[in-house]
Amino acid sequence: LKELKKMAQRHHERQVSLQRARWRVNDIRTHLLNRTRTEQHQLIADALEPLQLQMASTLSFKNRISFLNQAKTKAKIADTQHRTERLQADIESNQSHVTKLKDTYDSVITGCAALLQTAAIDLRLNKTSF
């Protein structure tokens, strides 16, 4: 009897887990970020513009959804291209700052290395003052 109760409890827990997995929200953060980006909405509108005649002439819901999905994929591709171009421009503009930082780091490391080498030699010498 106890074994049957345990089996029923496990079955119930499994069913609850499946229902939670089925009805869970996929990713709130991504949806929130996409909702607030006006540039992406403009890209989707620009991608939908050539499809307006086709969308107006169809009665099928599936065709409308496929047109929307095509526009979203085109907008996503354009968005990634714009973002990579901006990132490359930002990297190129900050290149001089990076070289200055590298030069400063190299000078600090060489100074510390010289200090450590002299300290290491002093520690190896015999001390007679004790």
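Residues numbered from 1 in each chain as written. Predicted model: local features only at pLDDT ≥ 70, side-chain atom pairs only at ≥ 80, totals over all residues. Heavy atoms only, no water.

Peer 1: Where do I start with the overall build of the protein chain in this structure?
Peer 2: Of regular secondary structure, the protein chain possesses 6 helices and 0 strands. Going through the 130 residues of the protein chain one by one, you find that 9% of them count as buried. Residue pairs at least 24 apart in sequence account for 48% of intrachain contacts in the protein chain once pairs closer than 6 positions are excluded. Surface summary for the protein chain: the accessible area is close to 12000 Å², and the carbon and sulfur share equals 60%. (Helix = DSSP H or I, 4+ residues; strand = E, 2+ residues; numbered from the N terminus. Buried < 20%, exposed > 50% of the residue type's maximum accessible area, 1.4 Å probe, protein only. Contact = heavy atoms within 4.5 Å. Areas by Shrake-Rupley, 256 points an atom, 1.4 Å probe, with all protein chains shown as cover.)

Peer 1: Can you help me understand the pattern of salt bridges in this one?
Peer 2: Close approach of charged atoms allows side chains of opposite charge to pair. In this structure the tally under the stated criterion is 2 salt bridges. Arg10 is paired through a salt bridge with Glu3; the nearest N and O atoms lie 4.0 Å apart. Under the relative-accessibility criterion, Arg10 is labelled partly exposed at 48%. Linking Glu39 and Arg86 is a salt bridge whose minimum nitrogen-to-oxygen distance equals 3.1 Å. Of the two residues, Glu39 is situated in helix α3 (residues 38–48) and Arg86 in helix α5 (residues 61–93); the sequence distance between them amounts to 47 residues. For Arg86, a relative accessible area of 46% puts it in the partly exposed group. (Salt bridge = Lys/Arg side-chain N within 4 Å of Asp/Glu carboxyl O.)

Peer 1: Please clarify how the environment of Glu49 should be interpreted in this entry.
Peer 2: Its location among the elements puts Glu49 in the loop between α3 and α4 (52–57). Looking at Glu49, the relative accessible area reads 57%, which means it is exposed. With 22 residues separating them along the chain, Glu49 and Ala71 place their C-alpha atoms 9.0 Å apart.

Peer 1: What is the right way to read the layout of surface pockets from this model?
Peer 2: Considered as a void within the structure, the largest pocket measures approximately 240 Å³ in volume. Forming the boundary of the largest pocket are Asn34, Arg37, Gln40, Ile44, Lys72, Ala75, Lys76, Asp79, Thr80 and Arg83. Here the lining of the largest pocket gets 6 residues from one element, more than from any other, and that element is α5. Broken down by class, the residue content of the lining of the largest pocket amounts to 2 nonpolar, 3 polar and 5 charged. (1 Å grid on protein atoms, 1.4 Å probe; cavity = no way out; pocket = protein on both sides within 12 Å on 5 of 7 lines; lining within 4 Å. Points joined across faces, edges and corners; volume = space filled by probe spheres on them. Nonpolar A, V, L, I, M, F, W, Y, C, P; charged D, E, K, R; others polar.)

Purely geometric stuff here, so don't read any function into it on its own.
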